[in-house]
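The chain contents come next:
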Amino acid sequence: MKKMIGTLLVLCTIGANAQSTQRTASYMPEGGYASTIKSEFIKPSLQKQLQVGQKIEHLTKRNFAGETTVQRLTERSYWVQTGFYNTVFYVGHQGVLVMDPIGYGSSVSVLKAIQSITDKPVTAVIYSHHHEDHIGDIGLYIKQAKKASVNLRIIATYATAAAMRAGGSELPQPTEKLNFLSDSTTFENLTIKVEGFATAAHSSDAAVWLLEQEKIAHIPDLLNPNQLPYLGFGGSETYVGYKENLQALDKMQWKYLSAGHGNIGSHGDVKFMLNYLDDLESAIQAASKASPFEDFFIAKFNNHQASAHEMQESIINKTMDSLRGKYGEFYGFEASVPYQIRMVLDSWG
Ligand SMILES: [Zn+2]
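Remember, predicted model here, so these are calculated numbers, not experimental data.

J.: What exactly am I supposed to notice about the sheet that holds strand 4 (residues 77-82) here?
T.: In sheet architecture, strand pairing relies on hydrogen bonds along the backbone and comes in two forms, parallel and antiparallel. Read from one edge to the other, the open sheet built from seven strands follows the order 3-4-5-6-7-8-9, with strand pairing classed as mixed. If you trace the sheet from one side to the other, it starts and ends with strand 3 (68-72) and strand 9 (176-178), each paired once. Averaged over all neighbouring strand pairs, the angle between strand axes comes to 20 degrees, with direction disregarded. Looking at chain direction, strand 6 (residues 96-98) and strand 7 (residues 122-126) are connected through three bridges and run parallel. Its bridge partner lying in strand 7, Val98 is registered against Val125.

This is the structure we're talking about:
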């Protein structure tokens with residue numbers, strides 16, 4: 001999800017006039033957004049460990065208010081969200097491991113959150129994938145490490161290192177590289193595993209990072225717990241492989257999902273997303289059947305691209321109408337699902 005901050009700025013700017021206040025209000029169902037799965041919503045706590053399936057209450061409101069939310073997951077791991085981005089950190093015996101040095105200055109709040117819990121320095125950072133919105137603040141961690149005379153470990157896969165080079169990234173390369181498809185390393189007593197995908201939909205280097213003994217899975221941008229996917233499946237390059245990536249994630253052993261955006265997740269959130277994709281695909285198939293080729297490829301356009309556009313618009317509108325009853329009250333429905341319909345259609349060729 002690369003353009004989130006820019007998009008938010010645009011929303012804020014438009015929000016300044018009365019016309020768009022109406023438009024913004026029209027996205028919010030009466031009574032607020034519905035919860036995608038049955039969850040107990042709790043106030044965030046630095047002390048009380050989260051039970052699997054519990055979620056943070058009023059998270060969207062907290063984000064729009066500029067709050068930083070910190071929630072203890074286990075004895076040693078904490079989830080932190082700021083500016084619609086989230087990650088996890090693990091407090092070891094000697095130092096702290098941070099899952100992603102999230103960008104746009106958000107890591108200032110993450111570092112503050114860490115310092116509110118421990119005075120141990122950050123000694124290792126993971127790049128989950130190469131997108132700079134999730135790893136752009138690495139410089140802050142390097143600076144802090146120098147101050148504390150720590151030799152900071154930056155752990156990533158060879159695939160991420162290669163994607164950074166290919167994209168001309170100016171961020172520091174990882175100091176330790178793991179094999180993308182399956183590999184592991186340790187941080188003090190903790191085992192860190194990485195499991196890549198044969199076809200990764202989000203980006204070629206998107207992988208699941210598992211903090212084994214903590215039972216935490218970290219994979220940004222694949223799904224946003226308690227929301228529908230952001231625009232085109234969270235900035236995925238393609239829909240090809242997307243469902244398989246979710247199925248693979250669901251088969252892995254973990255309890256807490258750290259998804260980069262949205263609320264704290266569990267296997268229930270992955271299952272919700274898989275059901276949503278089944279419903280989305282069925283609705284698109286039905287809408288395609290109800291929008292026959294010959295109804296649109298008519299002489300009046302004299303332009304096959306205009307005809308294809310009209311046909312796709314018809315499929316999108318029909319699909320939206322058929323999904324609205326079941327999904328219309330979830331965060332993101334009106335704004336994002338049309339993008340997803342287009343991507344699924346593109347993947348079907
Ligand atoms: Zn990304």
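J.: Before we go on, may I ask you to explain the pairing of strand 7 in this structure?
T.: With respect to burial, strand 7 is a largely interior element, five of its five residues being buried. Assessed by its sense of winding, the connection that carries the chain from strand 6 through helix 4 (residues 106-117) to strand 7 is right-handed. Relative to strand 8 (residues 153-157), strand 7 runs parallel, the two being bridged by three bridges. Across the sheet, the residue bridging to Val125 is Ile154, located in strand 8.

J.: So what exactly am I meant to see when it comes to unusual backbone geometry here?
T.: With the exception of glycine, the majority of residues adopt a negative phi angle, and the majority of peptide bonds are in the trans configuration. Even without being glycine, Asp221 reaches a positive phi, approximately 75 degrees. Within the fold, Asp221 resides in the loop between strand 13 (216-218) and helix 8 (242-251). Of the residues examined, Asp221 has 25 C-beta atoms within 10 Å and is grouped as buried. Located in the positive-phi region is Phe233, a residue other than glycine, with phi close to 55 degrees. Tracing the chain through its elements places Phe233 in the loop between strand 13 and helix 8. On the basis of neighbour count, Phe233 is assigned to the buried category, with 26 C-beta atoms found within 10 Å.

J.: Explain the domain arrangement of the chain here, please?
T.: How big an interface is tends to be reported as the loss of accessible area on association of its parts. By the assigned domains, the chain splits into domain 1 (4-11 + 33-266) and domain 2 (278-348). Placing the centre of domain 1 and that of domain 2 at their C-alpha centroids yields a distance of 33 Å. Contacts between the two partners involve 15 residues from domain 1 and, on the opposite side, 13 residues from domain 2. A breakdown of the residues in the side of domain 1 that touches domain 2 according to their chemical character gives nine nonpolar, six polar and no charged.

J.: Help me understand the sheet that holds strand 12 (residues 208-211), please; the structure alone is not making it clear to me.
T.: An order of 10-11-12-13-14 is seen for the five strands of this open sheet, with the pairing classed as mixed. Taken across any chain shown, the strands that pair with only one partner, and hence form the sheet edges, are strand 10 (183-187) and strand 14 (256-258). Within the sheet, the average angular offset between the axes of one strand and its neighbour, ignoring direction, is 20 degrees.

J.: Where do I start with the packing of helix 11 (residues 304-327) against helix 12 (residues 333-348) in this structure?
T.: Describing two packed helices takes the angle between their axes plus the distance from one axis to the other. Axis separation between helix 11 and helix 12 bottoms out at 10 Å; the angle between their running directions is 130 degrees. Judged by the angle between their axes, helix 11 and helix 12 are oblique. Crossing geometry of helix 11 relative to helix 12 is assigned as right-handed. Residues Gln312, Ile315, Ile316, Thr319, Met320, Leu323 and Tyr327 of helix 11 form the contact with helix 12, whose own contacting residues are Phe333, Val337, Pro338, Ile341, Arg342 and Leu345.

Conventions we followed
Residues numbered from 1 in each chain as written. Predicted model: local features only at pLDDT ≥ 70, side-chain atom pairs only at ≥ 80, totals over all residues. Pairing = 2+ DSSP bridges. Helix = DSSP H or I, 4+ residues; strand = E, 2+ residues; numbered from the N terminus. Axes fitted to C-alpha atoms, helices over the stretch in contact; angles between N-to-C directions. Buried ≥ 20, exposed ≤ 12 C-beta atoms within 10 Å, placed from the backbone. Right-handed = clockwise from strand over helix to strand, strands pointing away. Domains from an automatic or database assignment. Contact = placed C-beta atoms within 7 Å. Nonpolar A, V, L, I, M, F, W, Y, C, P; charged D, E, K, R; others polar. Parallel < 35°, antiparallel > 145°, perpendicular 65-115°, else oblique. Left-handed = near helix turned anticlockwise from the far one by under 90°.

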